[in-house]
Amino acid sequence: MLVERIEHKWLAAFARTFTLCQVQPGEVVAIVAETQSRRVNVDLARLALEGLGARVFEVTLTTPTLSAPAPVRSTGASDAIAQLAPVVASLARADFVVDCTVEGLLHAPELPTIMQGADGKRPRLLMVSNEHPEILERTVPDPALEGVVRSAMKKLKGTQQMHVTSSAGSDLRVSLDKAVVGGVWGFCPKPGMVSHWPAGLALAFPAAGSVNGTLVMAPGDVNLTFKRYLRDTITLQIEDDSVVAIEGHGVDADMMRGYYKAWEDAEGHRACYAVSHVGFGLNPAARWDAMTFYDKRDCNGTELRAFAGNFLYSTGANEVAGRHTLGHFDLPMRGCTVQLDGAVIVNAGELVPEALA
């Protein structure tokens, strides 16, 4: 197991990332964390920010009592703030917010209010994923990634239909009419921007009734909620956004069925089965095989959402479609071909550079 301590190389990685976020001397920077946060990342963030001359304050919240029917992992929807108004107000008044919560504030209910800012200015926010610092060191944001992600987002915004196929048997169609498109490249230099580190993907949150077809997950594809590479084939039949059948034998399929069922029983509806977002990875520095090298406690798996050429299918909360649930699966898949209105963007798991020029 890797040791968690202050290392100069990791401090340099944090300083490099904050420099890309254009942290300036005298800026007010808030670090928001919780009692179960990876403390070494909080300390590295504070030291790097102070080295850049920022005025830093830290808000550490108590990690809330578990209320979910099953463990919650990698949702990007921290409940640590718990609508505490003084915390929201202090973050909204910072110039820059460094998010070191366990799950992250990316989909937290308080984020819109925080990003509205106060006193005539808006903060920028960087979510530092709950990874071991070595992972963050390997995936320090590359400025060149911004142009690639922006190009992919532009393609998605101009697309009516995404078509995903694979040699394993996937055949999925996603209407992107009225979808909300997003993308992250790992740094946020302008007020009102939100990003996360590691980064490098473009995605869309489809409107209700937009997704139909078959998604075949093959051995080597990833269930990031479980931090597990699949050993078995799982076929998901999707109708009107929702997974209506999980076909397959073995423990991988059984675990997926059981996790879905736990949320369905607890929440009294099937929103957990429905699509949250779809997208594809763009980061050549992110590795599909990265989880092989780390204990589960050392990684959050954000890197695997972003490895170049993956197709990312996620189920769970989708505000665009009016669905809310804490049950969430992120499912990065290899070897898929992704077409946007017939133009091939990803060919059998490989990005097509000229399509994103």
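As shown above, the structure is provided for reference.
Chains are numbered independently. Their residues run from 1 in the order of the written sequence. Under the rules for a predicted model, residues below a pLDDT of 70 receive no local features and side-chain atom pairs below 80 are neither given nor counted, while totals for whole chains, interfaces and linings still include all residues. The side-chain values count all of the structure's non-hydrogen atoms but skip hydrogen atoms and water molecules.

J.: So, the overall build of the protein chain: which residues are in play, and what are the values?
T.: For the purposes of this entry, the term helix denotes a DSSP run of H or I that reaches at least four residues, the term strand denotes a run of E that reaches at least two, and both are numbered from the N terminus. Scanning the protein chain for helices and strands turns up eight helices and 20 strands. Each radius of gyration reported is based on C-alpha atoms, and the globular scaling rule is 2.2 Å times the count of residues to the power 0.38. For a compact globule of 357 residues, the expected C-alpha radius of gyration is about 21 Å, and the protein chain comes in at 20 Å, within 12% of that figure. If one aligns the C-alpha atoms of the protein chain with their principal axes, the spans along those axes are about 55 × 45 × 45 Å. Across the 357 residues that make up the protein chain, the buried fraction comes to 55%. Contacts are residue-level and defined by heavy atoms, with any inter-residue pair within 4.5 Å sufficient. In the protein chain, the share of contacts with a sequence separation of at least 24, taken over all contacts with a separation of at least 6, comes to 73%. Accessible surface, the protein chain as shown: approximately 14,500 Å² in total, 52% of it carbon and sulfur. With a 1.4 Å probe rolled over the protein chains alone, any residue whose accessible area is under 20% of its type maximum counts as buried; one over 50% counts as exposed, and the rest are partly exposed. Where accessible areas are quoted, they stem from the Shrake-Rupley method and a 1.4 Å probe; at the residue level, only the protein chains shown are allowed to cover.

J.: Would you mind going over the packing of aromatic side chains in detail, with residue names and values included?
T.: Aromatic pairs are defined between Phe, Tyr and Trp rings, using the six-membered ring for Trp, whenever the two ring centres lie within 6.5 Å; interplanar angles under 30 degrees are classed as stacked, those over 60 as edge-to-face, and all others as tilted. Summed over all chains, the structure comprises eleven aromatic pairs. Measuring from ring centre to ring centre gives 4.9 Å for Phe14 and Trp197, while their planes differ by 65°; the resulting arrangement is edge-to-face. Taken as a pair, Phe14 in helix α1 (residues 8-20) and Trp197 in strand β8 (residues 194-197) lie far apart in primary sequence, 183 residues in all. Judged by relative accessible area, which is 1%, Phe14 ranks as buried. Overall, Trp197 belongs to the buried group, its relative accessible area being 0%. Ring plane angle 85° and centroid distance 5.5 Å describe the contact between Phe226 and Phe329, whose orientation is recorded as edge-to-face. You can see Phe226 sitting in the loop between β11 (222-223) and β12 (228-229) and its partner Phe329 sitting in strand β17 (residues 329-333), a full 103 residues away along the chain. Assessed through its relative accessible area of 1%, Phe329 is described here as buried. Joined through ring pairs, the aromatic side chains of Phe226, Tyr259, Tyr260, Trp263, Tyr273 and Phe329 make up one cluster.

J.: Break down the sheet that holds strand β20 (residues 350-351) for me, with residues and values.
T.: Between any two strands, at least two bridges found by DSSP are needed for them to pair. Reading across from one edge, β14-β13-β10-β6-β5-β18-β19-β20 is the order of the eight strands in this open sheet, with antiparallel pairing throughout. Looking at strand neighbours, the two that pair on one side only are β14 (242-247) and β20, the edges of this open sheet. Direction of pairing for strand β18 (residues 336-340) relative to strand β19 (residues 343-347): antiparallel, over a ladder of three bridges. Residue pairing in the sheet places Val338 in a bridge with Val346 of β19. Between N-to-C directions, angles cover 0 to 180 degrees, with each direction set by a line fitted to C-alpha atoms, over the stretch in contact for helices. The strands that helix α7 (residues 251-267) touches are β10 (211-217), β13 (234-239) and β14; relative to β14, the one it contacts most, it runs at about 145°.

J.: Can you explain α1? Please cite residues and give values.
T.: For α1, which comprises 13 residues, the first-to-last C-alpha distance of 18 Å matches the rise-based estimate of 18 Å (1.5 Å per residue) to within 8%. Among all positions in α1, only Trp10, Ala13, Phe14, Thr17, Phe18 and Leu20 are buried. An end-on view of α1 places all buried positions within 160° of arc, on one side of the element. Each element contacted by the buried residues of α1 is listed here: α2 (39-51), β3 (96-99), β4 (124-128), α5 (133-138) and β8. Phi turns positive, to about 60°, at Gln22, one or two residues after α1. By this rule, a helix spans an expected 1.5 Å times one less than how many residues it contains. This arc describes the spread of directions from the helix axis toward the C-beta atoms.

J.: I'd like a rundown of unusual backbone geometry, residues and numbers included.
T.: A cis amide bond links Trp197 with the next residue in sequence, Pro198, at an omega value of 0°. For Lys178, which is not glycine, the phi dihedral falls at a positive 70°. When you line up the elements, Lys178 lands in the loop between β6 (171-175) and β7 (180-184). Even without being glycine, Asp341 reaches a positive phi, approximately 50°. The class of Asp341 is partly exposed, set by a relative accessible area of 45%.

Bear in mind that shape data such as this cannot, by itself, settle questions of function.
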